[in-house]
Amino acid sequence: MAAFDHTVITAYRWSIVTFAECLARAGFIEVQRLQRQFPERPDRKYAAIAARAC
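The structure displayed is predicted, hence computed values, not measured ones.

Student: Hey, could you go over the confidence of the model for the chain for me, with residue numbers and the actual values?
Tutor: In the predicted model, the chain carries a mean pLDDT of 92, and 100% of its residues have values of at least 70. When mean pLDDT is compared element by element in the chain, strand E3 (residues 28-36) scores highest at 96, while strand E1 (residues 2-4) scores lowest at 85.

Here you go:
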C-alpha cells in the first residue's frame, strides 16, 4: 500500500493481490476481478474486485 496526494484527501494504492487477500480474510468471496492499464497513463494501473459476503 502506498499513499499519494489527492485533491480531497490522501489516497492509497493497493496491489490487487493484497486487496483480494484482505477481502478474503474479512470473509468475502471474490466474484470477479478487472485490471486495466490505459495507454494514455502507462504509469497507472486500475483494478476492481467484485466480492460478496459469505
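Student: Describe a nonpolar patch on the surface, listing the residues and the values that go with them.
Tutor: Taken together, the side chains of Met1, Tyr12, Trp14 and Phe19 make up a nonpolar region of the molecular surface, amounting to roughly 470 Å² of accessible area. If you trace the backbone, Met1 turns up in the segment before E1. Residue Met1 is classed as exposed on the basis of its relative accessible area, which comes to 67%.

What counts and what doesn't
Residues numbered from 1 in each chain as written. Predicted model: local features only at pLDDT ≥ 70, side-chain atom pairs only at ≥ 80, totals over all residues. Heavy atoms only, no water. pLDDT = per-residue confidence, 0-100. Helix = DSSP H or I, 4+ residues; strand = E, 2+ residues; numbered from the N terminus. Patch = residues over 30% accessible without salt bridge, like charges linked within 9 Å, V, L, I, M, F, W, Y side chains within 5 Å. Areas by Shrake-Rupley, 256 points an atom, 1.4 Å probe, with all protein chains shown as cover. Salt bridge = Lys/Arg side-chain N within 4 Å of Asp/Glu carboxyl O. Buried < 20%, exposed > 50% of the residue type's maximum accessible area, 1.4 Å probe, protein only.

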